[in-house]
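Residue strings, one per chain:
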There are 2 protein chains.
Amino acid sequence: MSVDEHRATPVPPTLHDVAREAGVSLATASRALNGSTRTVNETFRRRVLDAALRLNYTPNLSAQAVAKGLSSTISLLVSDIADPYFSSIAAGAIRAADEQRIATTMAVTHRDHERELELVRVLRGQRPRAIILTGSRWDGVASEHRLSDELAAYESTGGRVVLVSQRTLPFATVQLGNATGARELARELVGAGYRRFAVIAGDDRLLTSRERVSGFAEGLAEHGIAIHPSRIVRAEFTRDGGRQGAAELLNVGLDDVDLVFAVNDVMAIGAMSAFRAAGLRLPEDLAVAGYDDIATSRDVTPALTTVAVPLEAVGEHAVRLALDPATDSTTTEPVGATVLLRESTPPRA
Amino acid sequence: MSVDEHRATPVPPTLHDVAREAGVSLATASRALNGSTRTVNETFRRRVLDAALRLNYTPNLSAQAVAKGLSSTISLLVSDIADPYFSSIAAGAIRAADEQRIATTMAVTHRDHERELELVRVLRGQRPRAIILTGSRWDGVASEHRLSDELAAYESTGGRVVLVSQRTLPFATVQLGNATGARELARELVGAGYRRFAVIAGDDRLLTSRERVSGFAEGLAEHGIAIHPSRIVRAEFTRDGGRQGAAELLNVGLDDVDLVFAVNDVMAIGAMSAFRAAGLRLPEDLAVAGYDDIATSRDVTPALTTVAVPLEAVGEHAVRLALDPATDSTTTEPVGATVLLRESTPPRA
DNA sequence: CTGTTAGCGCCTTCAG
DNA sequence: CTGAAGGCGCTAACAG
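The rules behind each value
Residues numbered from 1 in each chain as written. Chains lettered and ligands numbered in written order. Predicted model: local features only at pLDDT ≥ 70, side-chain atom pairs only at ≥ 80, totals over all residues. Heavy atoms only, no water. Helix = DSSP H or I, 4+ residues; strand = E, 2+ residues; numbered from the N terminus. Rg over C-alpha atoms; globule rule 2.2 N^0.38 Å. Buried < 20%, exposed > 50% of the residue type's maximum accessible area, 1.4 Å probe, protein only. Contact = heavy atoms within 4.5 Å. Areas by Shrake-Rupley, 256 points an atom, 1.4 Å probe, with all protein chains shown as cover. Lys, Arg positive; Asp, Glu negative; His and termini not counted. Charge placed at Lys NZ, Arg CZ, Asp CG, Glu CD. Buried area = accessible area lost by both parts, 1.4 Å probe. Salt bridge = Lys/Arg side-chain N within 4 Å of Asp/Glu carboxyl O. Polar contact = N/O pair within 3.5 Å; in protein donor to acceptor, adjacent residues only side chain to side chain. Nonpolar A, V, L, I, M, F, W, Y, C, P; charged D, E, K, R; others polar. Near = heavy atom within 4 Å. Pairing = 2+ DSSP bridges. Axes fitted to C-alpha atoms, helices over the stretch in contact; angles between N-to-C directions. Least-squares fit on C-alpha atoms with pLDDT ≥ 70 in both.

Taking an unreviewed UniProt entry as the reference, chain A is identified by name as Transcriptional regulator, LacI family belonging to Plantibacter elymi.

1. Quick word on the overall build of chain A
Scanning chain A from terminus to terminus reveals 12 helices and 12 strands. Here the C-alpha atoms of chain A give a radius of gyration of 26 Å, more than 25% beyond the 20 Å that 2.2 N^0.38 yields for 349 residues. Projected onto its principal axes, the C-alpha coordinates of chain A cover approximately 85 × 35 × 35 Å. Out of the 349 residues in chain A, the part that is buried amounts to 55%. The contacts in chain A between residues at least 6 apart in sequence include a share of 74% that link residues at least 24 apart. Surface accessibility of chain A: about 14800 Å² in total, with carbon and sulfur atoms responsible for 50%. For chain A, the distance from the average position of its 38 positive side-chain charges to the average position of its 44 negative side-chain charges is 6 Å.

2. Quick notes on the interface of chain B and chain A
A common measure of how large an interface is: the accessible area buried when the components associate. Tallying the contact residues gives 50 residues for chain B and 50 residues for chain A. When chain B packs against chain A, the two sides together hide about 4300 Å² of surface, and 49% of this comes from carbon and sulfur. On inspection of chain B and its partner chain A, the count reaches six salt bridges. The partner of Arg115 of chain A in a salt bridge is Asp98 of chain B, with the nearest N and O atoms 2.3 Å apart. One can count 16 residue pairs in polar contact (both at pLDDT 80 or more) joining chain B with chain A. Sorting the residues of the side of chain B that touches chain A by element identifies helix H4 (61-68), helix H5 (84-99), strand S2 (103-108), helix H6 (113-124), helix H7 (143-156) and helix H11 (265-277) of chain B as the ones contributing at least two each. When residues of the side of chain B that touches chain A are assigned to their parent elements, the largest contribution, six residues, is made by H6 of chain B. Grouping the constituent residues of the side of chain B that touches chain A by class yields 23 nonpolar, 14 polar and 13 charged.

3. Some words on the protein's contact with DNA strand C
Near DNA strand C lie 25 residues; those nearest to it are Thr28, Arg31 and Asn41 of chain A together with Leu15 and Tyr57 of chain B. If you look at DNA strand C and keep only atoms within 4 Å of the protein, 62% of those are sugar or phosphate atoms. The contact in question runs from a base oxygen of DNA strand C to an N or O atom on the backbone of Ala67 of chain A, over 3.3 Å. Within the contact set of DNA strand C, a phosphate oxygen lies 2.9 Å away from a side-chain nitrogen or oxygen of Asn34 of chain B. Elements supplying a minimum of two residues to the surface near DNA strand C: helix H2 (26-33) and helix H4 (61-68) of chain A together with helix H2 (26-33) and H4 of chain B. When residues of the surface near DNA strand C are assigned to their parent elements, the largest contribution, four residues, is made by H4 of chain B.

4. Thoughts on the sheet that holds strand S4 (residues 160-165) of chain B
If you trace the 12 strands from one edge of the open sheet to the other, you get S11(A)-S5(A)-S4(A)-S3(A)-S1(A)-S2(A)-S2(B)-S1(B)-S3(B)-S4(B)-S5(B)-S11(B), paired in mixed fashion. In the strand order of this sheet, the two ends are held by strand S11 (332-335) of chain A together with strand S11 (332-335) of chain B, each with one partner. On average, each strand axis in the sheet is tilted by 20° relative to the strand beside it, whichever way the strands run. In terms of strand pairing, strand S1 (residues 73-78) of chain B meets strand S3 (residues 130-134) of chain B through four bridges, oriented parallel. Bridge pairing links Ser75 of chain B to Ile131 of chain B in S3 of chain B. Strands in contact with helix H12 (residues 311-323) of chain B are S1, S3, S4, strand S5 (172-176) and S11 of chain B; relative to S4 of chain B, the strand with the most contacts, it is inclined by about 160°.

5. Quick word on the relation of the copies chain B and chain A
Overlaying chain B on chain A yields an RMSD of 0.1 Å, the required transformation being a rotation through 180° with an accompanying axial translation of 0.0 Å. Each copy turns onto its partner about a two-fold axis. In this assembly, 100% of the residues forming the interface of chain B have copies in chain A that are likewise at the interface, indicating an isologous arrangement.

6. Concerning the pattern of salt bridges
Taken as a whole and assessed by the stated rule, the structure comprises 60 salt bridges over all chains. In this structure, the salt-bridge partner of Arg348 of chain B is Asp258 of chain B, at a minimum N-O distance of 3.6 Å. Here the residue Arg348 of chain B occupies a position in the segment after strand S12 (338-340), and Asp258 of chain B occupies one in the loop between helix H10 (239-252) and strand S8 (259-262), the gap between them amounting to 90 residues. Look at Asp258 of chain B and you get buried, because its relative accessible area is 6%. Connected via shared salt-bridge partners are Arg95, Glu312, Glu316 and Arg320 of chain A.

7. A word on the side chain of Ser62 of chain B
Secondary-structure assignment places Ser62 of chain B in helix H4. If sequence neighbours within four positions are ignored, Ser62 of chain B has contacts with Ser62, Ala65, Val66, Gly125 and Gln126 of chain A.

Below, the structure is given as structure tokens:
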């Protein structure tokens with residue numbers, strides 16, 4: 001009767017078990033199974049590998065992490081994983097991490113900055129190789145300073161921080177060309193014959209919203225076109241936010257508007273639904289444009305004009321920056337965007 | 001000049017540092033910071049907490065895991081995180097895990113069973129509290145046995161396995177009522193006046209596809225309706241698969257069909273796009289129905305008739321099963337589905 | 001090339 | 001209630 005049968009909770013085999021089974025020392029077993037630098041006699045190697053296989057041994061990654069003071073994990077923070085914007089970035093990030101045999105831990109902030117700060121503290125406990133923060137940064141939000149301090153503390157103890165958004169904090173960042181993309185969209189829309197615009201924006205402290213709105217306005221300004229302030233409404237960065245923004249525009253009146261730009265596709269799609277519910281025909285009565293090029297944008301009717309952001313590539317870049325030793329807190333990786341004119345904004349006479 | 005300034009790589013403060021800073025022993029510091037059972041003098045408690053705050057200390061979770069032989073992580077396997085079906089489940093799972101202060105590690109199988117098996121092996125190394133496998137199980141696929149063995153080994157060493165799909169393997173599972181949902185859908189569709197059906201299914205070894213097809217057929221059979229085998233095509237479980245399936249149906253001819261049921265929304269939406277590209281008017285010329293009720297299904301035009309699966313709740317259930325000590329390998333949690341009749345299947349005269 | 005021996009950061013009996 | 005000491009599984013010098 002082995003000692004195992006006395007134990008209340010069964011327990012996975014350890015390296016020690018493998019070594020004993022193979023009749024070698026712990027060190028040899030360790031080297032045979034992982035041994036980066038050192039090499040080990042082929043006979044012993046086989047014996048160890050066989051033993052490991054026989055016992056169905058899997059190295060305890062936590063133990064490895066404490067022993068070498070380096071984990072094989074990265075942490076990815078997203079606002080909402082059910083949002084296609086973030087799930088696409090996550091897909092790219094997970095794939096890139098996977099290629100380097102790094103596991104990805106995901107956490108969700110629900111767009112709450114206090115929560116985001118708290119999560120960073122918790123995640124630090126995992127001692128991940130890197131923490132990647134996705135989602136727009138905020139302006140004029142007190143917690144941003146505390147967040148920055150927390151991240152700086154993390155970096156000062158060997159971690160790496162990568163931001164996906166704006167470079168408002170002193171960390172490596174994958175920069176999304178929001179202003180440029182929106183400006184280009186505005187130009188193309190003017191080129192297509194549109195002149196009278198309204199905008200459904202997000203919270204003005206959300207830099208992504210701000211950049212897209214101001215970039216769009218700049219593009220229009222180049223053609224001497226201005227957006228009347230009453231034609232810019234703000235709402236949440238969600239589908240319902242889009243519906244609400246549309247309702248608000250409907251209230252102030254849309255007679256002098258021929259195109260509504262929602263600062264992201266999810267909102268644009270919500271807005272389309274609200275406009276249609278109000279009896280408007282799209283695109284005949286009103287044109288709509290969004291931003292991001294989420295998968296749904298081509299499946300709605302009319303297909304949504306938008307600005308494509310290579311989201312999966314963004315996730316990959318973020319991980320690459322995170323894992324590249326050459327990266328430091330001043331590193332920056334710009335990512336471009338591409339205007340996609342579709343049926344929701346047909347050329348106007 | 002402190003010793004820290006000599007170190008090549010900076011390092012996070014340890015519990016030892018905190019204890020020294022607070023002028024107490026390691027044990028006291030440990031108890032003050034986590035100490036479940038033991039209680040510690042209020043004065044010391046404060047001293048320790050203050051010291052921890054001052055040093056910006058975060059407990060090393062890996063070290064805790066090795067010390068107590070129990071990690072605070074669960075692993076979630078999905079086929080494709082950018083697919084709204086899985087990202088919704090993930091959202092629910094992450095939230096539920098979060099509530100119990102458990103971190104979620106995500107891995108992606110890309111619908112490859114070999115990869116899935118490999119991932120389980122790797123993930124076991126993390127010693128997660130549980131491994132949750134989402135996505136349809138396969139029938140007649142050799143690796144399912146090896147997977148089962150691997151999972152059994154994991155469970156025999158204290159882990160917990162939860163499946164989200166079919167209970168074809170001897171582990172706790174959240175069972176999705178695919179057959180029931182599809183049968184109900186068929187009934188409602190017949191009730192709405194439809195009589196001639198075609199189906200876009202997935203790989204026949206995919207149990208989710210099979211269950212939905214056979215449930216649907218059963219529902220029709222109750223009314224004496226059969227689907228001609230040539231009107232059942234198979235394709236990948238993706239949007240492109242849906243397009244392809246639609247093309248195939250278009251080829252064999254759709255004159256004697258008034259409704260196409262795609263076994264999931266993503267495929268249904270791809271099919272709609274293909275049908276429309278072929279000049280069909282939806283729903284006048286052809287009705288379409290899907291399954292899952294992903295967010296996009298209500299945003300397409302016409303809005304898609306589907307069967308709602310409470311995806312986020314499914315994720316939550318999976319985590320609850322995973323973390324509930326009362327769960328064992330025979331536990332089962334059935335989850336119902338609800339038919340949602342929308343514009344893509346208007347009542348027929 | 002192999003084995004012995006300290007740790008890694010933390011928890012947890014076990015004495016005081 | 002507190003502190004000292006051993007151990008968790010593994011790695012990395014250090015000898016042999």
